[in-house]
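What follows is each chain in one-letter form.
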Amino acid sequence: MDRVQPKKVRVEWPTLGLLLLCYALFALGTVWGAALWLPLGMGLTVVAMALHSSLSHEALHGHPFENKVLNAGLVFPALGLFVPYLRFRDTHLAHHLDSRLTDPYDDPESNYLYQEDWAALPKWRQRVLNWNNTLAGRLLVGPLVGQICFMAADWRAVRAGDMAVLRGWLWHGPAVAVVLWWLAAVGQMQGWAFGCCAYGAMAILKIRTFLEHQAHERARGRTVIIEDRGPLSWVFLNNNLHVVHHMHPKVAWYQLPKLFRSHRARYLSRNDGYYFASYSEVFRRYFWQSKDPVAHPLWRKGG
């Protein structure tokens, strides 16, 4: 397939407009919704937080502006609390090296372990990680498991002298402080409820990442297409068409569906048919069932 170049525009108005909608939804949920009926406020806030993460993903890929500092500024408030934007940016861009996809060490977003490391884990950790490889487990404990692993890796990097990782967390402090100020000075939502919203938003995002990538001998077969057009597709900004995004990471979210429709057969051939018709299918097949083993089925340590 010919290389797709994104159309050069001064401002991507759909992305900028969606950012404004996201912050308006967050304000609506934490103030009016929380005061009217707490479950309503929490629901709106969860959606805003999950959408903000997807917009942060757009920002790190160069949207809505070409200026990366300006893009980072637009998503600066850490609505979801847990993940520093600069760390998200650096790890995600490293993840886009497709030849390393699913590698337990070289792919920062891999959920696999080398077989030797898996065998060395205590049984209780194996049980937790096996449950985490079902969709039910990924929703319930996935945010906690992922956050612990993420922070432990970053802590090791900081102790080893990685200043980029340290800067990412230092900038995260004021980004969280802005959100906490809003909650204390303007918001009508209790702190425990807000924390539950942050966890719930992370759980929703785990639906997207649950089977984005699979172990496959060829890099081209590791990235999924989920041909969904429902609300999850909107919250994920069409990243369910994930192989399209990996092949054209500079293409904006609102251009992905047309690009996929124009070359549907070629994309499905490209990823060796790693395909689901919808997120409903994913839930039916994997809510209680593990999608694959935690131990990478193809690669061994040092192999």
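Residues numbered from 1 in each chain as written. Predicted model: local features only at pLDDT ≥ 70, side-chain atom pairs only at ≥ 80, totals over all residues. Heavy atoms only, no water.

A. Representation of the packing of aromatic side chains in the model. Considering all chains together, one arrives at 11 aromatic pairs under this definition. Judged by centre distance (6.2 Å) and plane angle (75°), the ring pair of F276 and Y286 falls under edge-to-face. Of the two residues, F276 sits in strand 2 (residues 275-276) while Y286 sits in helix 15 (residues 279-286), which places them 10 residues apart along the sequence. Note on F276: relative accessible area 3%, which makes it buried. Ring geometry for F287 against W288: centres 4.8 Å apart, planes inclined by 80°, an arrangement best described as edge-to-face. A relative accessible area of 70% means that W288 is categorised as exposed. By the ring-pair criterion, three or more aromatic residues cluster together here, those being F210, Y274, F276 and Y286. Just above the ring of F210 sits the side chain of K291; from NZ or CZ to the centre is 5.9 Å. (Phe/Tyr/Trp six-rings, centres within 6.5 Å; stacked < 30°, edge-to-face > 60°. Helix = DSSP H or I, 4+ residues; strand = E, 2+ residues; numbered from the N terminus. Buried < 20%, exposed > 50% of the residue type's maximum accessible area, 1.4 Å probe, protein only. Lys NZ or Arg CZ within 6 Å of the ring centre and 35° of its normal.)

B. Just the side chain of H92, in detail. The topology assignment puts H92 in helix 4 (residues 85-95). A polar atom in the side chain of H92 sits 3.2 Å from the side chain of H61. Each residue touching H92, except ones within four places of it in the same chain, is listed here: H57, L60, H61, E109 and H245. (Polar contact = N/O pair within 3.5 Å; in protein donor to acceptor, adjacent residues only side chain to side chain. Contact = heavy atoms within 4.5 Å.)

C. Structural context of unusual backbone geometry. Residues H63 and P64 are joined by a peptide bond in cis, for which omega reads 5°. Residue position: P64 is located in the loop between helix 2 (38-60) and helix 3 (68-74). The backbone of L237 sits at a positive phi, close to 50°, despite the residue not being glycine. If you trace the backbone, L237 turns up in the loop between helix 11 (231-235) and helix 12 (242-247). In this structure, D272 takes a positive phi of about 55° despite not being glycine. Structurally, the position occupied by D272 is in the loop between helix 14 (264-270) and strand 2. With a relative accessible area of 33%, D272 lands in the partly exposed category.

D. Quick look at the side chain of S110. Mapping S110 onto the fold places it in the loop between helix 4 and helix 5 (115-120). Relative accessible area serves as the criterion here: at 17%, S110 is assigned to the buried category. Among the polar contacts made by the side chain of S110, one reaches the main-chain carbonyl oxygen of T102 at a distance of 2.9 Å. Setting aside residues no more than four positions away along its own chain, S110 makes contact with T102, D103 and P104.

E. Layout of helix 1 (residues 13-36). A rise of 1.5 Å per residue sets the reference length of helix 1, with its 24 residues, at 34 Å; its end C-alpha atoms lie 32 Å apart and thus fit the reference within 8%. G29 marks the point of greatest bend in helix 1, at about 40°. Every buried residue of helix 1 is listed here: T15, L16, L18, L19, C22, L25, F26, G29, T30, G33 and A34. Of the surrounding secondary structure, the elements contacted by the buried residues of helix 1 are helix 2, helix 3, helix 9 (163-185), helix 10 (191-209) and helix 11. (Expected span 1.5 Å × (residues − 1). Bend = angle between axes of the 7 residues up to and from the residue.)

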